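Report on the structure
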Amino acid sequence: MKILIIGNGGREHSLALGISMSESFRKSGSELYCALGNPGIDEVALPVNIKPSDTDALLAFALREKIDFAVVGPEIPLSMGIADVFAENGIGVFGPSKAAAEIETSKIFAKDFMIKYGIPTARYKSFHSGNIPETAEFISSLNFPVVIKADGLAAGKGVCIAKDIKEANDFIDAITADKIFGESGNSFIIEEYLSGFEMSVFAITDGDDYVVLPSAQDHKRIGEGDTGKNTGGMGSYSPADALIDNTRKKIREKIIEPVLAGMKKEVRKYKGCLYCGLMICGNKENYEPYVIEFNCRFGDPETQAVVPLVKSDFLELLLASANGTIGNYELKTRKMYAGCVVAASLGYPDKYETGKVISGLNREPGDAIIVHSGTKYSFDKKEVLTSGGRVLSVVGLSPESIDEAVKTAYKRLGDISFENIYFRKDIGNKFRIITGK
Ligand code: AMP
Ligand code: GLY
């Protein structure tokens, strides 16, 4: 079988590792390609020099090379309908259709859908740039802080938690008048602030049946103690299920199942990975999960921690989602803990420098996995260089605890260096704080 992964970040490197280590992959002599790939991915997949957003070129490549199955990592090609055109051309694909991907690509669609199907989420109202005066009225009906979100995709930066009216108005001006997110900010929502702790839950589904992967917790803020700006994610650990022992049933029954049933009713049958970004509210004895957001893809850096915990055949899982056979797939997980620390370029998520030589990548890996995100190979220097804000992640594994897994990751990260490396030193501490253990 010929498999094409689309994407070039840490998530896609983890997917490539999961696929290439699957028994079904190794036994069948399958071939793995990745567009664009990166120096880490290129160790297990043949690089294809086509951008993930160039869906026409990807289709032409897939037809020419007789690709059997495509795994779409990022949301952009999904929002452009890559799953639809690949399916129309007889190519198997992991990922939702354009219409189903709207659960991520339009926050207004997602919120309206949640209200229609009774899925728990923060109270909200949607606005278009034309009706600004009404916003003041709605804001005054909520307590501060309030949350304002650009409707469309904004690379994870379209959310403002405004502590007062001035901050709220400044953000609304920036997205509607100054158009800092282009068309994505023409419409926006304002919603109430939920307090609790966040969890990422991935359901792999064929639209009818689903399995839930070990849950994870992301660390979205740049600074220790969850301070500073929001980022794509600075670290993760999994499983985080111990945090929500008595809540898992609620997550299935109040969130995942109504989403799949609702999407079918809306003729947007959802296939692929349904990423539930949850806020777990209330007290320990009776937690209530609320949806902060849905994503139409795996999360990054959660995937780095989750995929190594899947014991059953990972490629078969992805194929079962595409082929409508999830009901027959038996998910097995390892009795292990994974901790993932992201190393970024100092300055991220704002301005940062690239092109720095990364050293320490080739030493004995031990129990840690190095996952590449923003890296590139320099043929001149014969070195791997930094090429992005989030550069790489190190994933530690342990049979003992999350603490031990994270320690393994930090130990391995200690051997890696590049100029202006930045990473959070408190990944995993939240687990202890929330559980009180
Ligand atoms: P989003 O892009 O929707 O995931 O939002 C980015 C981040 O903003 C989330 O990870 C949360 O930390 C925070 N956030 C979003 N919505 C809310 C809310 N209603 N209440 C509290 N925090 C929120
Ligand atoms: N880690 C957050 C995301 O992938 O959206």
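Everything numeric in this text was worked out from a predicted model, so none of it was measured. (Residues numbered from 1 in each chain as written. Chains lettered and ligands numbered in written order. Predicted model: local features only at pLDDT ≥ 70, side-chain atom pairs only at ≥ 80, totals over all residues. Heavy atoms only, no water.)

1. A few points about the site of ligand 1
Stated precisely, the cut-off is as follows: Consider each residue's heavy atoms; a residue with any of them within 4 Å of a molecule or strand counts as near. Any N or O atom pair separated by 3.5 Å or less is treated as a polar contact, with the protein-specific requirement of one donor-capable and one acceptor-capable atom, and with residues adjacent in sequence counted only for side-chain atom pairs. The protein chains shown are the only cover counted for residues, whose accessible areas, like all others here, come from Shrake-Rupley with a 1.4 Å probe. As a working rule, the residues Ala, Val, Leu, Ile, Met, Phe, Trp, Tyr, Cys and Pro are called nonpolar, Asp, Glu, Lys and Arg charged, and the rest polar, with Gly in that last group.
Among the 16 residues in the neighbourhood of ligand 1, the closest are listed as Glu 191, Glu 192, Leu 194, Glu 198 and Glu 293. Side-chain polar atom of Glu 191 to a nitrogen atom of ligand 1: 2.7 Å apart, as the coordinates give it. Contact with the protein chains covers 94% of the free accessible surface of ligand 1, which is 470 Å². Here the shell around ligand 1 is built from residues that sort into 8 nonpolar, 1 polar and 7 charged.

2. Notes on the pairing of strand β10 (residues 197–205)
This is how the line gets drawn: Residue burial is assigned from relative accessible area. The probe radius is 1.4 Å, only protein chains are included, and a residue is buried under 20% of its type maximum, exposed over 50%, and partly exposed in between. What counts as a helix is a DSSP run of H or I of at least four residues, what counts as a strand is a run of E of at least two, and both are numbered from the N terminus. Two strands pair if DSSP finds at least two bridges between them.
Of all the 9 residues making up β10, 8 are buried; the element is thus mostly covered by neighbouring parts of the structure. As paired elements, β10 and strand β11 (residues 210–212) share 3 bridges and run antiparallel to each other. Looking across to β11, one finds that Ile 204 is bridged to Val 211. A loop of 4 residues connects β10 with β11, the two strands running antiparallel in sequence, and Gly 207 in this loop sits at a positive phi of about 100°.

3. Brief notes about the side chain of Lys 250
Put simply, the test is: Contact definition: two residues touch when any of their heavy atoms are within 4.5 Å.
Its place among the elements puts Lys 250 in helix α10 (residues 248–265). For Lys 250, the residues in contact, after removing those within four places along its chain, are Ile 255, Asn 286, Tyr 287, Glu 288 and Pro 289.

4. Structural notes on the site of ligand 2
Around ligand 2, the neighbouring residues are Asp 218, Lys 220, Gly 232, Tyr 275, Asn 295, Arg 297, Gly 299, Asp 300, Pro 301 and Glu 302. Here an oxygen atom of ligand 2 sits 3.0 Å away from a polar atom, N or O, in the side chain of Arg 297. Glu 302 places a polar side-chain atom, nitrogen or oxygen, 2.9 Å from a nitrogen atom of ligand 2. Computed on the free molecule, ligand 2 has an accessible area of 200 Å², of which 89% lies beneath the protein chains in the complex. Class assignment of the residues belonging to the shell around ligand 2 gives a composition of 2 nonpolar, 3 polar and 5 charged.

5. A few points about the pairing of strand β9 (residues 187–192)
With 5 of 6 residues buried, β9 lies mostly within the body of the structure. As judged from the 5 bridges shared by strand β6 (residues 124–128) and β9, these two strands associate in the antiparallel manner. Pairing of Ser 126 across the sheet is with Ile 189, part of β9. Note: strand β7 (residues 146–150) against β9, 5 bridges, orientation antiparallel.

6. Digging into the nonpolar core
For clarity, the threshold we go by: In these notes, a set of buried Ala, Val, Leu, Ile, Met, Phe, Trp, Tyr and Cys residues joined through side-chain atoms within 4.5 Å is what counts as a nonpolar core.
Of all hydrophobic cores here, the largest spans 73 residues; its most connected members are Phe 86 and Phe 294. By residue number, the principal contributor to this core is α10, which donates 6 residues. Core analysis: the next-biggest nonpolar cluster, separate from the first, contains 33 residues, Ala 45, Phe 94, Cys 273 and Val 310 among them.

So, to be careful, I would describe these as geometric facts and stop short of saying anything about function.
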